[in-house]
Each structure stands twice: as structure tokens, then as C-alpha cells.
Amino acid sequence: MSKMIQLRDGPEAFREIETPALVLDRRILERNLARMGHHLRRLGVALRPHAKTAKSIDVLRLALAGQPGGITVSTLREAEYFFGQGVQDILYAVGIAPVKMAHAAALIRRGCRLSLILDSPEAISILQQASAREQVQFPVLIELDVDGHRAGVQPDSAALLELARAISGGSGVELRGVMTHAGDSYQCRSQSQLRAMAERERAGAVLAATRLRTAGHAAPVVSVGSTPTATFATDLSGVTEVRVGVYMFNDLVMAGLGVCAIADIALSVLVSVIGHQAERGWIITDGGWMALSRDRGTSSQPVDQGYGIVLDVEGSVSPDDLVVVSTNQEHGIVARRDGKPLPLTRYPVGSSLRILPNHACATAAQHSCYHVIDSDRFESVATWRRVNGW
Ligand SMILES: Cc1ncc(COP(=O)(O)O)c(C=O)c1O
């Protein structure tokens, strides 16, 4: 639910937001959404946005504009919240545990078209037992491992067909297809590697779906997605939907991968300067790791951005090339990247800065709402709530 807040326009508006605070630039968000939407429409595939980054109905409504309407979630709390906001078709894209079955069943009983994922015979038993107990049918996708990143069965494995047989041999679980997430795309180091990873994700998912169909199983859904692979995909033949999340906001990890430019990062943390250590060239802010997260995702990239790049309040990268070099719980230490002395008078105590995040999902998760601004007109537009936790 959005609420208008009464703020003066222009950079002064920031003076009225208590820091640290999460700032979302709606212009950049809308540009990012339009770019991905256009790209996937051109490739002829549906978008099933992943709500794990934004966790906000206001953001998801913008992301879903012109789309069929299904979303992906990473917690049942998100599923509960988005269903309550009118989203009917929800894929919970994390392996299920027995303690969550009653919750999942309750959502389905209330009319939510909730799909689950699995990659083991044990998970099938858990679902079949829960189905008998709860008297609901669970639609599922088999999770595939296309890149050694995390969970899933290999697309060319015997295990894939064994899982399908175990599903169709019992009752209470309905096989809907396959899904995969090429999370190792975050480790790619060139555009050609990213293009190859996108094709590997597509080809693995399509191979698995074809094998299932050839063996007589239904596999109408072929679901893939990560922001890097979706961005660099040039052909998605055989894929029915793409799940992407971080593309909405982008972040320094995406910029380091070449997925976006720094100017495409919609999210920042507004912080206040609370002190200096002149001899060390440090600016002390109230943006510690509680506000920025401890994510250091750029540390393994060619350019390490510390805990984030520093912008002025209007959103321009500081001419002094400032980064957050270290954090405590409620303190951030900002210094020049090259360690040279800093004209501290440019950053007086009480002034504001904005920090671009390494990993948008992790930084946003530290906050309960977005302060939405419109950078073109430099207006504060609204506050949008997030649904954190489980
Ligand atoms: C299962 C699954 N699908 C899709 C995504 C979306 O990836 P990204 O945030 O890179 O768009 C994620 C992200 O972690 C994921 O875990």
C-alpha cells in the first residue's frame, strides 16, 4: 500500500527523511522494468518477476504491467502477502520443508495457484503425505541444476525421469514442468561467458522438458532465470517463462558484471554525515552494516566497491571517488578509494549522502519501506512498504 508523504521537493526533501533510509528512484526503476519487459517480449517469452528483491506490491504492480500476471517468491510470507494483494499465480521457488506444508496447503485452499519445486524422492513423499492430510493437490516443477550452483537434478540424468515416475505413480502431486536458476552467472567475467551461460540455462531446461514429454509426462512449464542470463539471452526457444528479480533495481554487482550501468541502479541508502577523522581522510556516517547489509559481492569482481559507492543527495557519483571502506553496526566509514586526503569541508556534519548497494536484495532486506523519489523532477513521491521475514 502506498502513502503520499508531505516532503518539500528538490534536494531539501531529503532533509526530512530520518536516516539511514532506503531510497528508490522511480524513474530508474521504470526504465529498468521497461528494458527487461521489451527484451523478453522481443524474445517471445513470458516474464514471471521474482518478488524476492522488491518484496513490495507497488513495485510488482509496475513490473507486471502488460504481463500475464504470475510471480515468483522466495518465502511463503511473500506468497501470503502478494496473494492478499490479489496476485493469484505464485511460484514458490525454494525447496519445501515439512513444516511449511500446512501453510502452503492453506494458501491453495484459499484459491492461490501456488506451485512448489522439488528435486528429491523425499520431497515427493512429503508432498504426497501432506496432500493426503490436507486434502489439496500440489502443482510442482522439478528443479534442475544446469551450472553446479546449488540445488536440482541434472537435465540429462536418470534421476529426472525417476522423479517424474514417482510423481505420476502416486497421488496428490501434479507435475507441471521444470525450472532452473543459473546462479553461477554471477561469477561470469565476460559478455561471451554470460551469453554462453544463458544458452546453457535454456538448453538444460529445454532438454529436461523434452525428455519428460518423450517419456509421457506433462511438462507445459519451462521456467528459467537470473538477471545476468536473461539480459544476455539472445534466443529463448522452448522456454515458457523467465524469472528475474534484481533487474528491477540493479546494483553494483550487476554493474560489475556489465549487466547495467551505475546510472541504472535505482536503489540507494540515504545516510547522514555524523563525524570525521581528518588525519585519516574519513567521513563517518550513520549508514553501517545494519543499513547497507554486510554483502561484499563486488569483492571478487575486478573492481571492489567496498560496502558501496557514494553519491551526493542528487544522485551524482561523488567527484572524490568515495566508497564505504568499512562498516560497524550503525557506523559507515567513507573514504577516497585511493586513500588520498579528502577535503572534508565538502561533507560537513549533518549533510546527506547516498550509498549504492553491492547487492540490492540484501540491502533492501535491512529496511521496512522504500522512500520513493522521482529523480527527473526531484520529488518525493511515496513510501512503499516491504514484506520482510518469513
Ligand atoms: C530460483 C530463483 N529464480 C530466479 C532468481 C532471480 O535471479 P536474479 O535476482 O538474478 O534476477 C533467483 C534469485 O536468487 C532465484 O533464486
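The structure under discussion appears in the preceding block.
As the structure is a prediction and not an experimental result, all values here were calculated from the model.

### Notes on helix 6 (residues 158-169)
- Taking 1.5 Å per residue as the helical rise, helix 6 with its 12 residues ought to reach 16 Å, and the 16 Å between its terminal C-alpha atoms agrees with that figure.
- Buried residues of helix 6: Leu160, Leu161, Leu163, Ala164 and Ile167, and no others. The buried residues of helix 6 occupy an angular sector of 155° when the element is viewed end-on, so they sit on one face.
- Turning to helix 6, the residues buried within the fold contact strand 6 (113-118), helix 5 (121-134), strand 7 (138-144), strand 8 (173-180) and helix 7 (191-214).

### Digging into the site of the ligand
- As a matter of local geometry, the ligand sits amid 15 residues, with Arg150, Tyr186, Thr227, Arg243 and Gly245 nearest to it.
- One of the side-chain N or O atoms of Arg150 is found 3.0 Å from an oxygen atom in the ligand.
- Computed on the free molecule, the ligand has an accessible area of 390 Å², of which 94% lies beneath the protein chains in the complex.
- One can see that the ligand is located within the largest pocket.
- The class makeup of the residues in the shell around the ligand is 6 nonpolar, 6 polar and 3 charged.

### Comments concerning empty space enclosed by the protein
- What the rule picks out here adds up to 2 cavities of 30 Å³ or more.
- For the largest cavity, the calculated volume is near 70 Å³.
- Contributing to the lining of the largest cavity are Glu143, Leu144, Asp145, Asp147, His149, Arg150, Ala151, Met179, Thr180 and His181.
- When contributions to the lining of the largest cavity are tallied by element, the ones reaching two or more residues are strand 7 and strand 8.
- Partitioned by chemical class, the residues of the lining of the largest cavity number 3 nonpolar, 3 polar and 4 charged.
- In this model, the second largest cavity occupies a volume close to 40 Å³.

### Some words on the layout of surface pockets
- Roughly 470 Å³ of internal volume is contained in the largest pocket.
- The wall of the largest pocket is formed by 26 residues, among which His50, Lys52, His149, Arg150 and His181 lie closest to the centre.
- Partitioning the lining of the largest pocket into residue classes produces 9 nonpolar, 13 polar and 4 charged.

### Topic: the packing of aromatic side chains
- Inspection of every chain in the model, using the stated rule, returns 2 aromatic pairs.
- Both rings, one in Tyr81 and one in Phe82, keep their centres 4.8 Å apart while their planes meet at 70°; by these two values the pair is edge-to-face.
- Note on Tyr81: relative accessible area 9%, which makes it buried.
- Exposure remark for Phe82: the relative accessible area of 0% places this residue in the buried category.
- Judged by centre distance (5.5 Å) and plane angle (70°), the rings of Phe249 and Tyr370 are edge-to-face. In this pair, Phe249 sits in the loop between strand 10 (241-242) and helix 9 (252-257) while Tyr370 sits in strand 17 (residues 369-374), placing the two residues 121 residues apart along the sequence. Both residues of the pair, Phe249 and Tyr370, belong to the buried class.
- Lying over the aromatic face of Tyr307, Arg296 brings its terminal NZ or CZ to 5.5 Å of the ring centre.

### What about the pairing of strand 17?
- The buried fraction of strand 17 is high, at 5 of 6 residues.
- Bridging between strand 2 (residues 21-25) and strand 17 involves 3 bridges; their strand directions are parallel. Bridging from a neighbouring strand, Leu24 pairs with Val372 of strand 17.

### Overview of the environment of Ala164
- Position of Ala164 relative to the elements: it lies in helix 6.
- With a relative accessible area of 1%, Ala164 lands in the buried category.
- Put simply, Ala164 and Leu175 are 11 residues apart on the chain and 7.2 Å apart in space, counted from C-alpha to C-alpha.

### Quick look at the nonpolar core
- One finds Phe82, Ile90, Leu114, Phe138, Met248, Phe249 and Tyr370 to be the most contacted residues of the largest nonpolar core, which totals 113 residues.
- Counting residues per element, this core draws most heavily on helix 7, at 8 residues.
- Once residues lying within four places of it in the same chain are set aside, the contact partners of Tyr370 are Leu22, Leu24, Thr53, Ala54, Ser56, Phe249, Leu267, Ala364, Ala382, Thr383, Trp384 and Arg386.
- Counting residues in hydrophobic clusters, the runner-up holds 7 residues, among them Ala21, Val23, Leu270 and Val313.

### Description of the pairing of strand 6
- With 5 of 6 residues buried, strand 6 is to be regarded as a mostly interior element.
- When strand 5 (residues 89-92) meets strand 6, the two strands line up parallel, connected through 3 bridges. For Asp89, the partnering residue across the bridge sits in strand 6 and is Arg113.
- Note that the unit made of strand 5, helix 4 (residues 101-109) and strand 6 has a crossover that is right-handed.
- Judged from the 3 bridges that link them, strand 6 and strand 7 form a sheet pairing that is parallel. Within strand 7, the residue paired with Leu116 across the bridge is Val140.
- Handedness of the crossover joining strand 6 and strand 7 through helix 5 is recorded here as right-handed.

Criteria and thresholds
- Residues numbered from 1 in each chain as written.
- Predicted model: local features only at pLDDT ≥ 70, side-chain atom pairs only at ≥ 80, totals over all residues.
- Heavy atoms only, no water.
- Helix = DSSP H or I, 4+ residues; strand = E, 2+ residues; numbered from the N terminus.
- Expected span 1.5 Å × (residues − 1).
- Buried < 20%, exposed > 50% of the residue type's maximum accessible area, 1.4 Å probe, protein only.
- Arc of directions from axis to C-beta.
- Contact = heavy atoms within 4.5 Å.
- Near = heavy atom within 4 Å.
- Polar contact = N/O pair within 3.5 Å; in protein donor to acceptor, adjacent residues only side chain to side chain.
- Areas by Shrake-Rupley, 256 points an atom, 1.4 Å probe, with all protein chains shown as cover.
- 1 Å grid on protein atoms, 1.4 Å probe; cavity = no way out; pocket = protein on both sides within 12 Å on 5 of 7 lines; lining within 4 Å.
- Sits in = over half its atoms within 2 Å of the grid points.
- Nonpolar A, V, L, I, M, F, W, Y, C, P; charged D, E, K, R; others polar.
- Points joined across faces, edges and corners; volume = space filled by probe spheres on them.
- Phe/Tyr/Trp six-rings, centres within 6.5 Å; stacked < 30°, edge-to-face > 60°.
- Lys NZ or Arg CZ within 6 Å of the ring centre and 35° of its normal.
- Pairing = 2+ DSSP bridges.
- Core = buried A, V, L, I, M, F, W, Y, C linked by side-chain atoms within 4.5 Å.
- Right-handed = clockwise from strand over helix to strand, strands pointing away.

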